[in-house]
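Chains, contacts and geometry: an overview
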Amino acid sequence: MTSSAKKQGTLFSFFSKKPSSSTSSNAKASPKTAAAKAKSISIAASSKKIITSSSPIQNSNTTKKSSNGKALISSGSNKKQELLLASIQVGSAISVFWPADQEYYNAKVTAKNRKLNASGTSNVFTLLYEDGEVETIDLTNEKFKIEDTASPKRAASSVKKRKTIQESDEEEFEFDDEVEDEEESEEEFVADEEESEEEFDAMDVTDEDDEEIAKGRNGKANQSKKRPLATSLRTSPTYKKRSTGGKVRATISFITPPPKATSKPNAFASFASDSSVKQTAKTDRDIHPVSQLTPTPPASGKKTSSTKANIPFPQNGVVNQAGTHLHNHFKFLLPDQIRDAQGRPKSHPEYDHRTMKVDFDDIERVMSKVTPAMQQWWEIKAQYADTLLLFKTGKFYEIFHMDADVAVQVLGFSYMKGQKAHAGFPEIGYGNFMEKLVRAGYKVARVEQTETPDMLKERKQNTRKGLKKPMVVNREVCSIVSSGTRTFCYMDDIRGLDGDNAHSGIGPLLVIKEITLNMDQSSSDNDDDDDDSVQPVCEYGVTLVDAATGAVTLGQFADDILRGRMNTLLTKYRPSEILVQNGPEGASKTLVALLNSMKNTILPSCIIGNVNCTETFPRSNALDPEIRLRMQRTSSEIKPWDQEQTIAELHRRGYYPRASKNKPESCPDGGIGRWPDVLKACVTGGADLALSSFGAALFYLQRNMIDAEILSMGDMKAYIPPDPAATNDTVAVTSDRPSLNQLASEEQRLEDGTDASARAIFVSQENDISAESEISHLSLDGTTLANLEILTNLHSNTVAGSLWSKINFTKSPFGSRLLRAWLLRPLFQKADIDRRADAVEELVSGAAAAAMSEARDVLGKCGDMERLLSRVHSMGGNGSTGVDGDHPNERAVLYEAPTHTRRKVGDFSKLLNGLRAISQIPEIFDGIEIKSGLLNRIVKSTDNGGLFPSKLNEHLDWFFENFDCKKAAEGHFEPSRGIDDDFDEACDAIDRIKQELDDYKNEMCSGVLKPSHLAKREWKYANIKVDSKDKFLIELPINVQVPSDFIVKGKRGKGAKQVNKYQTPFVERLVEELENAYDVMKGGKARGMQLIFAKFDSMRSLWASAAQASAMIDALGSLAKASAKAGNSRPIIKTCPSNGSPSMNIVQGRHPCVDFTHSGDNFIPNDLTMGGEDGDDPGAKILLLSGPNMGGKSTLLRQTCLIAILAQIGCFVPAEECTITPFDRIFTRLGASDRILLGQSTFFVELAETAAALRGATRRSLVIMDELGRGTSTFDGTAIASAAVKHLVESNQCLTLFATHYHSLLEDWKDKPAVRLGHMECFVDEKEHNVSKDTSEDKESNITFLYTLGEGGCPKSFGINVARLAGLPEEVLEKAKYVSASFEESMNNANSRPFDARSDSIKLQIQEAIAKDKWEDVDQMWESLQG
């Protein structure tokens, strides 16, 4: 036996049980049994290797017993026999009489033949004998006895407690009803101690309260005379050992998906496999979230009835099939019987899906008795019905009942043996498995033990007489993790977190409060307005919570009927979890449809949930009543969406510093003077909807136990929609707007690195239009972001091929986030664009480029400093509210504490080293002449007028000197002097006490003790170690004379060599002081790291400034790397004064995301000129673009917009030359798609996008429209397209690229100076071709696309050529060509007919009617012309 096995031998005791046989005392040993023992089989302790009759091991005597004179009993005449046969089930233990041996042999029923006899029953069973023999036999004519299956009493010699060193020994069998339930079999897998104790070190813990529980079992437990199967247990590291009284039960809890069975599967193998519990696809996700985790139905797929008569009852000692466990027999879990905590059914409008009413009478009906621990589980489950509970038992997280069904489906676990659905994994696997469950859409609660067995024992002793003593250690919910509340703490799995979180399913939590506005009132309020702005139909209050970084964003805005602003918000932030208000005052059907539509497109992993108008808050299980009072809400019924309750709760919990010690209501500002500016602006400005959404977010964060961790960061931002001029907000609450706008603008200037004062001076010099001078950014709405594939591509919704993928070369996560913000918010003012472009240009080449290359290497070593700053804030104790230790995490008993400590230290070490690395950036650029003002400011320290904090290294030195990361990771950290005053005082007290003990020794040996020389020589203090008992006993020889106050506490030796151990009142007093000082010092050591973290967090603004400067240099470096690509050039940004005209001139422009054509050739560039002035003649602002299908029209439209976006973020563009005036908005009408969940057809979506452009575009906007009108008839489409062009020319007067196949439209506008015709060129190779046998010849055209922009219109679209490429059948193509030729001929004939004298006037009338939307008149006049 190895040393580890010997050590573990003191913790475990395994026994090969040998109870007496059930045969008579004079029965002889069975020769058959003895022979079989020589070749006993090895039964693997796996649910997938249970031997059945298909086993090759058979006995030749199987069919001989009836012929060997065995006593036969007729069941037909014996009612008792019939009842006995009916009571035999799979798993029953029986004894069968063998006449030849005159003995009863023990056997276990492993299967029952389903084939019925004439009487409608089946008495054919498959038996497994103790010696390994398997036989199938009809028990109708056999003599047998049913053994007593009650659990045996645990022999005192076999009950050895499993203990760990001073750890919370949790009782592993506190959930095992087998030891209490007389129905259950004692069949267990048994292992020899030496063979097994090396394998099972994963679960060496047990509660010390089992003695108390065992007392209640003495009346029930009976001594079993059944012999369990003798097996040779083979185990693997994934097995867990369970102790059940003196028994040893090997159960399976796969940490990874279970291995495939190597042997042929038997009839029972499917019980443990996951084939019968495959996860069903969730095809319909409406607004209601995942409600209570309901039981898994039987694998047969039959619909369960209210009586559950068709569900077989689970068996003991085997792995039961999914859908047959105990919880599947609970009536209160039936879908039509589920009630919330208030007893309301699911159909009730105020039904609370987070709670559940548990019927303990129903549980006892099924389970006979509920253990204290299982009752504790159900009590917690009743408050967290929609959450999967990871219930800590010792070192393992156990999963029970319906939660275990989920774990088997999602995690690939196997059920453990027993009647309850049960699975589990060790504490070390929490992060991995939690992440898998959350990504599958579940909320996961971590329920920890917050009491050790010693503490439980003490609590029992302190329980007053007459009160029920506690029977199980206390447990509390320590965290609830959902898709939007992952903080990625030291227990979580953070692999892959440092990537692009926005596109990896790790988005923020979004809470939406919506109210609808009165349309009539909205219209009447704006009757006098001459503008064409969109009228609002609703207003939103939103709260975004980024749990990973601790940032909270608040906003309030109105929206139009298309919900364009909400669509933009969802597209930009890509939340992973959305909460809306439930009930009649909650989210509208339109909002719900929009959210579901987004989930089906760009937010596939998003979870949509709701918060009721009135909610209940879960009770705290903290033992301290004061902590319970602080952790719970003050009222049993909470109104999360109520603003007043929200403000009162913020005051009560004290997340933010108090402005006054007086009560808030007595303060002039309401006690919010030191709250974050954004939150103050919402309170004082009346942003009720924003506060309402924040209240619901607060409720959700509190319920998930991360409220203080996030809110105490104080990191709050304001959200302002990117298109403030698009919607008329006059009916919305506006008193908060100036304040929120100002805060948002200031934050954006900090992120952009722009200088407001410099821009103001530039604007005044340029004499710009006042309204345009207030615009700071180019607005990109959600439709534009999707159509231009800026963040993700359209076909797979991934970043591959998007504009983001072409410019993101950042080296740090925080730099990536900043660059993404820049991309979503391009600059508008020329001064701001040029400042950033100057910095980028300087980093493209020269000495600055070399320095940037070195700086990028440094940035790659930083990690995610923004997230790490949030982690250190939490680890420093600033995430707990009120008194330190209120949070259950502070009381949790964790067995992997060394691992968690290493992770904490690892995060802190990574942050320290990252800050040390970026502190080199000013040194890297030192000595380089930098012309760019922005770059010069970023790379210099604050002492030299830059952004990098001065003396950053000096501040870091203190932490490197006082925090040894290596020792701290090993658990040997000891705080240095000056960190903790209490720790310092305790250390001083220890030194003083030890000195006083030495002084006392010298004093006593100087004359008090006789003889003095002997006393001085022999005096010795015993037990001087910190953990010693009876510290500082004085050891002196027996012949030394001592005073009367020297009390003998012990002795060693005999006779003259005897040494006495004395204790004196003076030493006893000093030892008592010493013990107290040791306790304080011990607490100081444990608290030392937290104090270091807290000190570091107190300087968070310094570290955040360094991170912000580093993010900016990283983002600029990424743009420089993208700009350095061959063929790119810096664009020239022109001003556009009030008397000027917007313009764009691109020479040899290319698509930024397309390097090659679909055929593999190089991308063909194009020139484009629009707007501007040529002398006194203003340039055309609209390009009507025609050309063949697949000729490159859409590509040209998209590349023009993308070039403009790149130019306005300060990046070089893929063109030889580029000169533009900045755009304030880009509108796109591209592609064809419907919004079926919103009830919007393809044509409706097409017109809605057009309406947004026509209503929102200004003279400084850029509009692209692709084939407007193709979703309806040719006549209607042509009319709409013509009217849209007219509006763009006369009203919007913006730059527009308008692609169309309506050739009549080209004819109408070909002579207008504001409109220019263009087409995508192609080469047509025609040859003679018969169209039909009876008609004239036609020409078949072979098209070669040139992908170049040419002047004028294109006479044809060549759609049939595309049809040929798409693979349409030849007969279809022939017919299409014939019809096309005939239609073209008829149109030409119609156009060649002379019109009468009134045709010109009718044409003018038609145009006027189109402009006035009088379509009936247009229809009549058009018919008159055709006639």
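Described below are features of the structure shown in this document. Remember, it's a predicted structure, so these values are computed and weren't measured experimentally.

Criteria and cut-off values
Residues numbered from 1 in each chain as written. Predicted model: local features only at pLDDT ≥ 70, side-chain atom pairs only at ≥ 80, totals over all residues. Heavy atoms only, no water. Pairing = 2+ DSSP bridges. Helix = DSSP H or I, 4+ residues; strand = E, 2+ residues; numbered from the N terminus. Axes fitted to C-alpha atoms, helices over the stretch in contact; angles between N-to-C directions. Core = buried A, V, L, I, M, F, W, Y, C linked by side-chain atoms within 4.5 Å. Buried < 20%, exposed > 50% of the residue type's maximum accessible area, 1.4 Å probe, protein only. Contact = heavy atoms within 4.5 Å. Phe/Tyr/Trp six-rings, centres within 6.5 Å; stacked < 30°, edge-to-face > 60°. Lys NZ or Arg CZ within 6 Å of the ring centre and 35° of its normal. Salt bridge = Lys/Arg side-chain N within 4 Å of Asp/Glu carboxyl O. Lys, Arg positive; Asp, Glu negative; His and termini not counted. Polar contact = N/O pair within 3.5 Å; in protein donor to acceptor, adjacent residues only side chain to side chain. Parallel < 35°, antiparallel > 145°, perpendicular 65-115°, else oblique. Nonpolar A, V, L, I, M, F, W, Y, C, P; charged D, E, K, R; others polar. Left-handed = near helix turned anticlockwise from the far one by under 90°.

Our focus in this paragraph is the sheet that holds strand E25 (residues 1059-1063). Spatially, E22-E23-E25-E24 is the arrangement adopted by the 4 strands of the open sheet, whose pairing is antiparallel. The sheet is open, and its two borders are formed by strand E22 (1020-1022) and strand E24 (1047-1052), each paired with just one other strand. The mean angle between the axes of side-by-side strands here comes to 35 degrees, regardless of whether they run parallel or antiparallel.

This next bit is on the nonpolar core. Phe925, Phe963, Phe1096, Trp1103, Ile1113 and Ile1205 are the most contacted members of the largest nonpolar core, which has 107 residues in total. The element contributing the most residues to this core is helix H37 (residues 1100-1123), with 13 residues. Not counting residues within four places of it along the chain, the set of residues in contact with Phe963 comprises Val905, Phe908, Ala968, Phe973, Met1089, Ile1092 and Phe1093. In terms of nonpolar packing, the next biggest core, distinct from the first, is built from 39 residues, Phe617, Ile638, Tyr656 and Cys682 among them.

The next point concerns the packing of aromatic side chains. The final tally for this structure, using the stated rule, is 35 aromatic pairs. Where Phe963 meets Phe1093, the ring centres are 6.1 Å apart and the plane angle is 50 degrees; that geometry is what we call tilted. Residue Phe963 is found in the loop between helix H32 (952-962) and helix H33 (965-969), and its partner Phe1093 is found in helix H36 (residues 1065-1097); the two are separated by 130 residues along the sequence. Members of the aromatic cluster, joined through ring pairs, are Phe908, Trp958, Phe959, Phe963, Phe973, Phe1093, Phe1096 and Trp1103. Between the NZ or CZ atom of Lys1121 and the centre of the ring of Phe809, over which it lies, the distance is 5.8 Å.

In this section: the pairing of strand E32 (residues 1217-1220). Here strand E26 (residues 1132-1133) pairs with E32 via 2 bridges, running parallel. Bridge pairing in E32 links Ile1133 to Ile1220. Note: strand E27 (residues 1143-1149) against E32, 4 bridges, orientation antiparallel. Within E32, the residue paired with Met1144 across the bridge is Ile1220.

Our focus in this paragraph is the pattern of salt bridges. Tallying each qualifying case throughout the model produces 48 salt bridges. Here Lys1031 and Glu1075 are joined by a salt bridge, their closest N and O atoms 2.8 Å apart. Of this pair, Lys1031 sits in the loop between E22 and strand E23 (1033-1037) while Glu1075 sits in helix H36, placing them 44 residues apart in sequence. Judged by relative accessible area, which is 4%, Lys1031 ranks as buried. Via salt bridges that share partners, Arg633, Glu649, Arg652, Arg653 and Asp707 belong to a single interconnected network.

Our next topic: the side chain of Glu577. Of note, Glu577 is situated in strand E16 (residues 577-581). Despite its burial, Glu577 remains without a salt bridge, the nearest opposite charge being carried by Lys443 at 5.6 Å. Polar contacts involving the side chain of Glu577 include one to the side chain of Ser482, which spans 2.7 Å. Excluding anything up to four places from it in sequence, Glu577 contacts Ser482, Ser483, Gly484, Thr485, Pro508, Leu509, Leu510, Cys606, Ile607 and Tyr700.

With that settled, consider the environment of Phe809. As for its position among the elements, Phe809 is in the loop between helix H24 (803-807) and helix H25 (813-824). Owing to a relative accessible area of 29%, Phe809 belongs among the partly exposed residues under this scheme. With 307 residues separating them along the chain, Phe809 and Leu1116 place their C-alpha atoms 9.8 Å apart. In contact with Phe809, other than residues within four places in its own chain, are Arg856, Ser1118, Lys1121 and Ala1122.

Viewed as axis vectors pointing N to C, H32 and H36 meet at an angle of 175 degrees, and their least axial separation amounts to 12 Å. Comparing the axis directions of H32 and H36 gives the class roughly antiparallel. Facing H32, whose interface residues are Trp958, Phe959 and Asn962, H36 presents Ile1092, Lys1095 and Phe1096. Along the lines of polarity and charge, the residues of the contact of H32 with H36 split into 4 nonpolar, 1 polar and 1 charged.

Further remarks concern the packing of H32 against H37. Two quantities define a packed helix pair, namely the angle between the axes and the distance from one axis to the other. Between H32 and H37, the least distance of the axes is 11 Å, while the angle of their chain directions is 125 degrees. Taken together, H32 and H37 sit at an angle that is classed as oblique. Crossing hand, H32 versus H37: left-handed. Facing H32, whose interface residues are Leu952, His955, Leu956 and Phe959, H37 presents Leu1102, Trp1103 and Ala1106. Here the contact of H32 with H37 is built from residues that sort into 6 nonpolar, 1 polar and no charged.

Turning next to unusual backbone geometry. Backbone torsion omega between Lys1010 and Pro1011 reads -15 degrees, so that peptide bond is classified as cis. Its location among the elements puts Pro1011 in the loop between helix H34 (981-1008) and helix H35 (1012-1018). Of note in the backbone geometry, Ser368 takes a positive phi value of approximately 70 degrees without being a glycine.

Attention now moves to the pairing of strand E13 (residues 509-516). Across the 8 residues that make up E13, a large majority, 6, are buried. Note that E13 and strand E14 (residues 538-546) share 8 bridges and pair antiparallel. Paired with Ile512 across the two strands is Val542, which belongs to E14. With 4 bridges connecting them, E13 and E16 associate as parallel partners. From the neighbouring strand, Leu509 faces E16, where its bridge partner is Glu577.

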